[in-house]
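Analysis of the macromolecular model
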Amino acid sequence: MGLPKAVTREEWRAAREELLALEKAATRARDALNTRRRELPMVEIDKLYVFEGPDGKAELLDLFEGRAQLVVYHFMFAPDWDAGCRSCSGFLDQIGHLAHLRARGTAFAAVSRAPFTKILPFKARMGWTVPWYSSHLSDFNQDFGATVETGEGPQERPALSCFLRDGERVFHTYSTFARGLDNIGFTTNLLDLTALGRQEEWERPAGRASSLGAPAGSARIRYHDEYAD
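Note that the coordinates shown come from a computational prediction; the quantities given were computed from them, not determined experimentally. Residues take numbers from 1 onward in each chain, read along the sequence in its written order. Reporting of local features is limited, given that this is a predicted model, to residues whose pLDDT is at least 70; pairs of side-chain atoms are given and counted only at 80 or more, and all residues count toward the totals for whole chains, interfaces and linings. Hydrogens and water are ignored here; the side-chain numbers use all heavy atoms of the structure.

A few words on the overall build of the protein chain. Within the protein chain one finds 7 helices and 10 strands. Projected onto the principal axes, the alpha-carbon positions of the protein chain cover approximately 65 × 40 × 40 Å. Throughout, exposure labels follow a simple rule: accessible area from a 1.4 Å probe, protein chains only, divided by the maximum for the residue type, with under 20% read as buried, over 50% as exposed, and the rest as partly exposed. The buried share of the protein chain, taken over its 229 residues, is 34%. A separation threshold of at least 6 residues defines the contact pool for the protein chain, and within that pool the share at least 24 residues apart is 60%. With residues, only the protein chains shown are counted as cover, and all accessible areas are computed by Shrake-Rupley using a 1.4 Å probe. Element-wise, carbon and sulfur atoms account for 54% of the exposed surface of the protein chain, whose accessible area totals about 14000 Å². Here the protein chain holds 29 positive side-chain charges and 32 negative ones, and the gap between their average locations is 6 Å. By definition, any uninterrupted DSSP run of H or I lasting at least four residues is a helix, any uninterrupted run of E lasting at least two residues is a strand, and each is numbered from the N terminus. The contact criterion used throughout is that any non-hydrogen atoms of two residues lie within 4.5 Å. Residues scored as positive are Lys and Arg, those scored as negative are Asp and Glu, and His as well as the terminal groups of each chain are ignored. One atom stands in for each charge, and that atom is NZ of Lys, CZ of Arg, CG of Asp or CD of Glu.

Written out as structure tokens, the structure is:
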């Protein structure tokens, strides 16, 4: 399978109308799914988690910055790595100004197992300003499924967790992993609207990943300062 079939404008419009009906159905299904997500029960966190950040040690409550909600991106950066995950870096590149989240009572922070002394220079290299904390002083990542034990030792996986605060009480409301992050990133959402898509081999129609010399999807991802153009 190569490029899309070339048709007249009238034929394209008819095909687009068919797709629009499916898109509207998907939007309604997404709204219903979001409702179910908001209806999830929550679990109170009674365990003390200690993080390390720019102001020294911090607890989970501190990451809220006094706000009602907290979204944590579990950035893959193991203690023995020299740099953070490339795919996670691509995700964090897409995080815009946090004022719009904060205006809705929601804080955002990245958390990794790497020591803060490793996080700080890498964050400076990438030019990020989002709050980023080290969880190497606790088993926070393990408890929320972002670090899993395997026969070869701890393995990192991309994840996102949401928390809610009621006074001094903190509750875990949601977590998602791997492909569950698909609809959060700007890059993947934008590419999903294009003819060549994400250029991943698993996408259908097959063969689009190599059309017009397109790069081979996520296998080609780099840190943003490593691309030739």
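The discussion continues.
Let us look at unusual backbone geometry. A positive phi angle is found at Glu 65, which is not glycine, with a value near 55°. Tracing the backbone through its elements, the reader meets Glu 65 in the loop between helix H2 (60-63) and strand S4 (69-74). Glu 65 gets classed as partly exposed once you look at its relative accessible area, which sits at 34%. A positive phi angle is found at Ala 178, which is not glycine, with a value near 50°. Relative to the helices and strands, Ala 178 resides in the loop between strand S10 (169-177) and helix H7 (186-191). According to the relative accessible area criterion, Ala 178 is partly exposed, its value standing at 45%.

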